[in-house]
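Descriptive structure summary
What follows is the residue order along each chain.
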Amino acid sequence: MTSIEVTDLTKEYRTTRAVDRLTCRIEPGRVTGFLGPNGAGKSTTMRLVLGLDHPTSGTATIGGRPYPTLREPLRTVGALLDPQAAHGSRTARDHLRCLAVSNRIPGRRADEVLQETGLATVAHRRIRTFSLGMRQRLGIAAALLGDPSVLLLDEPANGLDPEGIVWIRQLLRRLAREGRTVLVSSHLMNETATFADHLVVLAGGRLLADVAMRAFIAQHSQARVHVRTGDPDRLRTTLLAHGYAVTGGDDGRCVVEGAGAERIGAVAAREGIPLLELADERASLEQAYLALTADKAEFAAAAPASPNTSQEV
Ligand SMILES: Nc1ncnc2c1ncn2[C@@H]1O[C@H](COP(=O)(O)OP(=O)(O)OP(=O)(O)O)[C@@H](O)[C@H]1O
């Protein structure tokens, strides 16, 4: 079992501290979602783990060894960082076979991973003719080539069609089930929620969270209940009197903040208010993530001016 160990890792570019004393351990047997706003330091961390950049201080190791000391690295670590990196004049098959030879991987693996990533029919086409999604699949094929125990994938779903998105989701789950260490960066929260077991969240190069996904959602979201009643006025008055914030209600439906269905159901029952519907809102990863990083996004767009204050001429 091979984990990724990051200890007190710092990377400074001239005026930017891209990674700031980061310590975390990416464990095998699960998919770890690597999240954070633009510029949080995710790609830099991945590059440092892969020995593509040197840390200012601290260490990043794979199974206790720095990447550059691995003898045939593709057999230990598969990575997808930049799907545009492959040589455009080569065919997909040649590209993979060259990678295989340099890591003493049997040539037949090239055909196996082409099959696995859905590229078998275009194996002999030059990469420069590939679409973004095809390049992405090729990058994933290259990452899988050495049957590695560790995978680092930067936005693997980028450019994939809906079938591809379902496929990558299933692939990531399978890789984790097989006991591999899988680190996946993504900005797609709904998608990440379908495949991640664990999350590491960065902002400004620093660790914000290193926690199981379910716990993360529970910690960073508010309980909320959807209620429908035949007597909205009484329900609203009762809930407000109990100190709950209530929104909506005109059509008999309202949303109650800060409580679960059990509690609101009990209040209504005690008061004899008939409820027609009562359901907990399932908090999403997106809500939890946005709550945690609300003031951390460096490049958040300004809210549009309201029509009344618009200065447009
Ligand atoms: N080669 C470089 N030279 C100077 N600054 C860099 C370099 N690479 C990254 N940075 C800076 O380091 C910070 C972290 O960037 P990084 O690409 O790691 O973030 P990220 O979390 O991957 O962002 P995104 O989600 O936008 O891909 C940013 O401020 C970026 O501008």
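None of these values were measured; they are calculated from a predicted model.

Moving on, we get to the sheet that holds strand β6 (residues 150–154). Ordered in space as β5-β6-β7-β3-β8-β9, the 6 strands form an open sheet in which the pairing is mixed. With partners counted over all chains shown, the strands left at the sheet margins are β5 (77–80) and β9 (206–212), one partner each. Each neighbouring strand pair of the sheet contributes to a mean axis angle of 15°, computed without reference to strand direction. Here 6 bridges tie strand β8 (residues 198–203) to β9, and the two strands are oriented antiparallel to one another.

If you check which residues of helix α10 (residues 285–293) are buried, you get Leu-285, Ala-288, Tyr-289 and Thr-293. Projected onto a plane normal to the axis of α10, the buried residues spread over an arc of 115° and lie on a single side. The secondary structure elements touched by the buried residues of α10 are β3 (30–35), α6 (189–195), β8 and α7 (213–219).

Turning next to the site of the ligand. In the neighbourhood of the ligand, the contacting residues comprise Tyr-13, Thr-16, Ala-18, Gly-36, Asn-38, Gly-39, Ala-40, Gly-41, Lys-42, Ser-43 and Thr-44. Residue contributions to the shell around the ligand peak at 3 residues, all from helix α1 (residues 42–49). Residue composition of the shell around the ligand, by class: 3 nonpolar, 7 polar and 1 charged.

To continue, consider helix α8 (residues 232–241). For α8, the complete set of buried residues consists of Leu-235, Arg-236 and Leu-239. Looking straight down α8, one finds its buried side chains confined to an arc of 100°; they lie on one side. For α8, exposure combined with an orientation more than 90 degrees from the buried face picks out Asp-233 and Ala-241. Close packing links the buried residues of α8 with β10 (224–229), β11 (245–248), β12 (253–257) and α9 (261–271). Gly-243 lies just past α8 and shows a positive phi near 90°.

What follows is about the UniProt feature "domain: ABC transporter" (unreviewed entry) in the chain. Residues given the UniProt feature "domain: ABC transporter" (unreviewed entry) here are residues 4–229. End C-alpha to end C-alpha, residues 4–229 measures 52 Å, and it is 31% helix and 28% strand.

Turning to the sheet that holds β10, a few remarks are in order. Ordered by their spatial adjacency, 4 strands build an open sheet running β11-β12-β10-β13, and the pairing between neighbours is antiparallel. The two strands at the open ends of the sheet, each matched to only one other strand, are β11 and β13 (275–280). Between one strand and the next, the sheet's axes are offset by a mean angle of 25°, whatever the strand orientation. With 4 bridges connecting them, β11 and β12 associate as antiparallel partners. Counted as the bridge partner of Val-246 is Val-256 from β12. Against the sheet, α9 contacts β10, β12 and β13, and its axis sits at roughly 155° relative to β13.

Quick look at the confidence of the model for the chain now. Summing up the model confidence of the chain, the mean pLDDT is 91 and the portion of residues at 70 or higher is 96%. A low-confidence stretch, residues 309–313 stays under pLDDT 50, and its non-local contacts, those more than four residues away or across chains, total 1 contact.

The element β6 is extensively covered by neighbouring structure, given that 5 of its 5 residues are classed as buried. Side chains Val-150, Leu-152 and Asp-154 project from β6 onto one buried face, and the interleaved Leu-151 and Leu-153 project onto a second face that is buried too. The sheet contact formed by β5 and β6 spans 4 bridges and is parallel. Across the sheet, the residue bridging to Leu-80 is Leu-153, located in β6. Here β6 pairs with strand β7 (residues 181–185) via 5 bridges, running parallel. Counterpart to Leu-153 in the pairing with β7 is Val-184. You can see the chain leave β6, run along helix α5 (residues 162–177) and come back into β7, and the turn it takes is right-handed.

Parameters and conventions
- Residues numbered from 1 in each chain as written.
- Predicted model: local features only at pLDDT ≥ 70, side-chain atom pairs only at ≥ 80, totals over all residues.
- Pairing = 2+ DSSP bridges.
- Helix = DSSP H or I, 4+ residues; strand = E, 2+ residues; numbered from the N terminus.
- Axes fitted to C-alpha atoms, helices over the stretch in contact; angles between N-to-C directions.
- Buried ≥ 20, exposed ≤ 12 C-beta atoms within 10 Å, placed from the backbone.
- Arc of directions from axis to C-beta.
- Contact = placed C-beta atoms within 7 Å.
- Near = placed C-beta within 6 Å.
- Nonpolar A, V, L, I, M, F, W, Y, C, P; charged D, E, K, R; others polar.
- UniProt positions renumbered as here; feature names shortened; annotations may be inferred.
- pLDDT = per-residue confidence, 0-100.
- Right-handed = clockwise from strand over helix to strand, strands pointing away.

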